[in-house]
Amino acid sequence: MIRPDTTSLVDIHNHLVPAVDDGAKNVPAVLDSIERMTRLGIRRIVTTPHIQGSLTLDPGRLEERLVTVTEAWETAASAISEEFPEVEYRRGHEVLIDIPEPDLSDPRIRMAGTTFVLIEWPRLHVPPGTTRVISWIRDQGYRPIIAHPERYAGMIHTPELAFRWRDAGALLQVNYGSLVGRYGKEAQTVAFRLLEAGVVVYLASDFHGHPSLKIYKTEAWTELQARGSTELLEVLCRTNPSRLLEDQEPIPVGGVTRDTRLLSRLRGMIKRETV
């Protein structure tokens, strides 16, 4: 039996549980996605199907959803184990924070059963009170990871939010595709600003398992390597997500550049009224 490759790259945000959300439609699509990831050096995967935070306050409906996801995940896990025994395939969820105080106590909701939880705001808009929500999640003993902060509407005009979220206890995860314009120029600009400021601690694919879609790992790495950030890539794509799997805090990261004018401007914005 081949043991999982614990030295490989790690992807902590993707939708590779078959037929449970807008991700991979079936097991063959999952296997195709896994094969593509292995060719990119990604062999440790935490897959994160969508779930609504409000569902966590309805025990019956929550259990129904978690059982459905678990059964589909186990089916995929069995197929992956047979076809790709070197791959570590674990699960969590991407939790939509549609209520301010979701119940995150079930380990099936969290990232590989750790204290980390991947969260997103509704409809890619930042609602009021986000720092209070983050602080509340931290007070419950969990560690929130904000998915794709670069994609939220208006972030290009309010980059100070990233510092507020970080200071409230959140960790930030940027998508590979954002670095090469997959979600538009504005998201690309914000993604690099966040990287320059050193507030991003994870990069991930957010891959939805469709054959027509790209993972964008190679393109993103090429872009960052051209900026002299190879060491940063190792931290964001291997070291820190590996630490997540061990339920350990990520190590601090430096910025892509040493643009002190940008850092001063962003830090000065923190003094504004909190969200």
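The residue numbering used here restarts from 1 in each chain and proceeds along that chain's sequence as written. With the structure being a predicted model, the display of local features is reserved for residues of pLDDT at least 70 and the display and counting of side-chain atom pairs for 80 or more, all residues being used for whole-chain, interface and lining totals. Here the side-chain values reflect all heavy atoms present in the structure, with hydrogen atoms and water set aside.

Visitor: Looking at this structure, how should I read the environment of Pro-28?
Guide: Among the structural elements, Pro-28 can be located in helix α1 (residues 27–39). Expressed as a C-alpha distance, the spacing of Pro-28 and Lys-185, which sit 157 residues apart in the sequence, is 33 Å. Starting at the N terminus, helices and strands are each numbered in turn, a helix being any DSSP run of H or I of at least four residues and a strand any DSSP run of E of at least two.

Visitor: Help me understand unusual backbone geometry in this model?
Guide: It is generally the case that most residues other than glycine have a negative phi and that most peptide bonds are trans. Non-glycine residue Ala-19 carries a positive phi angle of around 60°. The residue Ala-19 is located in the loop between β1 (9–11) and α1 in this model. Within the chain, His-148 stands out as a residue other than glycine whose phi angle is a positive 35°. Along the polypeptide, His-148 turns up in the loop between β7 (143–147) and α4 (160–168).

Visitor: What's the story with the environment of Pro-241 in this structure? I'm lost.
Guide: Within the element layout of this structure, Pro-241 appears in helix α7 (residues 230–245). In this structure Pro-241 comes out as buried when scored by relative accessible area, which is 1%. As a C-alpha pair, Pro-241 and Leu-96 span 145 residues in sequence and 21 Å in three-dimensional space. In contact with Pro-241, other than residues within four places in its own chain, are Val-10, Ile-12, Tyr-202, Val-235 and Leu-236. When accessible area is computed with a 1.4 Å probe and restricted to protein chains, residues below 20% of their type maximum are described as buried, those above 50% as exposed, and intermediate ones as partly exposed. Should any heavy atoms of two residues lie within 4.5 Å, those residues are considered in contact.

Visitor: Looking at this structure, I do not really get the sheet that holds strand β9 (residues 200–204). What am I missing?
Guide: Sheet strands pair via backbone hydrogen bonds, and the direction of the pair is either parallel or antiparallel. Any two strands are treated as partners once DSSP identifies two or more bridges connecting them. Read across the open sheet, the six strands follow the order β3-β5-β6-β7-β8-β9; overall the sheet is parallel. The open sheet terminates on both sides in strands that have one partner only, identified here as β3 (50–52) and β9. Within this sheet the neighbouring strands show an average axis-to-axis angle of 35°, counted without direction. Pairing geometry for strand β6 (residues 116–120) and β7, over four bridges, is parallel. Its bridge partner lying in β7, Phe-116 is registered against Arg-143. α7 rests against β6, β7 and β9 of the sheet, and its axis sits at about 95° to β9. Every angle, taken between N-to-C directions, lies between 0 and 180 degrees, and every axis is a line fitted to C-alpha atoms, over only the stretch in contact when it is a helix.

Just distances and angles here, no functional claims.
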